[in-house]
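# Survey of secondary and tertiary structure
Residue-level listing of the chains:
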Amino acid sequence: MTGIPGFWAVIPAGGSGTRLWPISRRHSPKFLHDLTGSGQSLLRATWDRLEPLVGERILVVTGVAHEEAVRRQLPMLGYDAVLGEPSPRDSMPAIGLAAAVLERRDPEAVLGSFAADHVITEPDNFRRAVAEAVVLARRGELATIGIDPTGPATGYGYIRLGEPLDVVGAPSAHRVDEFVEKPDLETATRYLDSGEYRWNAGMFVVGATTLLELLAENHADMVESLRTIAADPRRMPDLWPSLQKIAIDHAVAEPAAAAGRVAVVPAALGWDDVGDFASLSRLAPVSTSLPGITAIGPTDDIISIDSRATVAAGGRLVALIGVEDLVVIDTQDALLITSPDRVQEVKQVVEILTARGRTDLT
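Let me begin by describing the structure that accompanies this report. (Residues numbered from 1 in each chain as written. Predicted model: local features only at pLDDT ≥ 70, side-chain atom pairs only at ≥ 80, totals over all residues. Heavy atoms only, no water.)

## Considerations on the overall build of the protein
- What the protein contains, in helices and strands, is ten helices and 17 strands.
- Since a compact globule built from 362 residues should have a radius of gyration of about 21 Å, the 21 Å found for the protein is in line with a globular shape.
- With the principal axes as the frame, the protein shows a C-alpha extent of 60 × 50 × 40 Å.
- Here the protein holds 362 residues, and 54% of them are scored as buried.
- If you take every contact in the protein between residues at least 6 apart in sequence, the share linking residues at least 24 apart comes to 67%.
- Approximately 16,100 Å² of the protein is accessible, and the part contributed by carbon and sulfur atoms is 50%.
- Seen as two clouds, the 33 positive and the 49 negative side-chain charges of the protein have centres 4 Å apart. (Helix = DSSP H or I, 4+ residues; strand = E, 2+ residues; numbered from the N terminus. Rg over C-alpha atoms; globule rule 2.2 N^0.38 Å. Buried < 20%, exposed > 50% of the residue type's maximum accessible area, 1.4 Å probe, protein only. Contact = heavy atoms within 4.5 Å. Areas by Shrake-Rupley, 256 points an atom, 1.4 Å probe, with all protein chains shown as cover. Lys, Arg positive; Asp, Glu negative; His and termini not counted. Charge placed at Lys NZ, Arg CZ, Asp CG, Glu CD.)

## So, the nonpolar core
- By size, the foremost hydrophobic cluster in this structure holds 100 residues, and its most contacted members are Phe7 and Met203.
- No other element matches the ten residues that helix 6 (residues 208-231) contributes to this core.
- In this structure, Met203 is in contact with Ser113, Phe114, Ile120, Phe126, Ala143, Thr144, Ile145, Ile147, Leu269 and Trp271, ignoring residues within four places of it in sequence.
- One finds Phe277, Val327, Val350 and Leu361 within the second-largest nonpolar core, a separate group that totals 20 residues. (Core = buried A, V, L, I, M, F, W, Y, C linked by side-chain atoms within 4.5 Å.)

## Describing the pattern of salt bridges
- For the structure on display, the rule yields 19 salt bridges.
- The shortest N-O distance in the salt bridge between Asp124 and Arg127 comes to 2.4 Å. With Asp124 and Arg127 both in helix 4 (residues 123-137), this residue pair falls three residues apart, about one helical turn.
- Overall, the relative accessible area of 45% leaves Asp124 in the partly exposed class.
- The salt bridge partner of Arg308 is Glu324, with a shortest N-O separation of 3.5 Å. (Salt bridge = Lys/Arg side-chain N within 4 Å of Asp/Glu carboxyl O.)

## Let's talk about the pairing of strand 3 (residues 82-85)
- Judged by which residues are buried, strand 3 turns out to be covered on both faces: Val82 and Gly84 on one side and Leu83 and Glu85 on the other are all buried.
- Both strand 2 (residues 58-63) and strand 3 contribute to a ladder of four bridges, which runs parallel. The residue of strand 3 that forms the bridge with Thr62 is Gly84.
- At this point the chain moves from strand 2, through helix 2 (residues 67-73), to the parallel strand 3, and the crossover so formed is right-handed. (Pairing = 2+ DSSP bridges. Right-handed = clockwise from strand over helix to strand, strands pointing away.)

## Overview of the side chain of Arg89
- You can see Arg89 is positioned in the loop between strand 3 and helix 3 (91-105).
- For the buried Arg89, no salt bridge is present, and the opposite-charge side chain at shortest range is Glu85, 7.5 Å distant.
- Here Pro241 takes part through its backbone oxygen, which lies 3.3 Å from a polar atom of the side chain of Arg89.
- Other than its neighbours up to four places away in sequence, Arg89 contacts Trp240, Pro241, Leu243, Gln244, Lys245 and Ile246. (Polar contact = N/O pair within 3.5 Å; in protein donor to acceptor, adjacent residues only side chain to side chain.)

## Considerations on the packing of aromatic side chains
- Considering all chains together, one arrives at seven aromatic pairs under this definition.
- Between Phe179 and Phe204, the ring centres sit 6.4 Å apart and the planes meet at 50°, which makes this aromatic pair tilted. Here Phe179, found in strand 8 (residues 174-180), pairs with Phe204, found in strand 9 (residues 197-207); they are 25 residues apart in sequence, far enough to count as distant.
- Under the relative-accessibility criterion, Phe179 is labelled buried at 11%.
- Put simply, the rings of Tyr156, Trp199 and Trp271 pair up and form one aromatic cluster. (Phe/Tyr/Trp six-rings, centres within 6.5 Å; stacked < 30°, edge-to-face > 60°.)

Rendered as structure tokens:
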């Protein structure tokens, strides 16, 4: 065992990444792919980032349909380190289940929840921020890491910083005044100018029992079911479908912040949630052999003549001549062509396909 004693990492590996269709699908979501040209999937990169902090103390919570793929990508994990959820119930039941399992293994366990599909380019800053958050969690706080914003983003929720906490071992910590929803551009610009706000990346560090106690204040029935499943996994099929679909932000973080129970560690992490093809255009390397082309994956099947685009070739030749500001994503059974300013709308394609019954393509 290495890393921070008594600290466990929980990796929720869910969602279908509909804004990254057709690369990301229900059967093969984005966390299983190498989208940034790093040579490893987003899931494996998450494990690499966390392993120095926790050693073998990692739990992955994923859909049963992805359980085997997760095990193949992380063969170092023990069998009981992957928890399969029968159906998606949003982040609170997934993280709550991990908390209930950890509470039984180690009543003093502190867990940190870190999504499987995010990118962090400043790992040293990440480790320092997590270490501070663990100190806060051991004081009974629900701690979160607030990302220093690099622009007035409208796609993220925000955290409003309160007073500094002056905690030994957590010199950066502040009280959280409130969590706020995704703003419009004018509001986001005002947040950025004030210096009082950080992006909410959904990273939470908290004692396993503390998390369940906070959850029980408004969702006691969920806690009872999660503890029952942790004690007897055979109860999963009959209890899991009854759990409310709710995010940890709404179930715990927002009410806890209103009660003065949440602390934040601001940090510059080079963070990105890889939420759409605009993100990938920033993260994937610009091709050295194809000027103007940002390639997602190999470039052997891409020809570009006087073009500027983000391109993924899926086995067929993709040839571009004299085009600019395009996103071209080719796979074996679907082709997406859009512009960078419309990439947020890609999820509408998935909605249309679902309505048409074309679940083979979603």
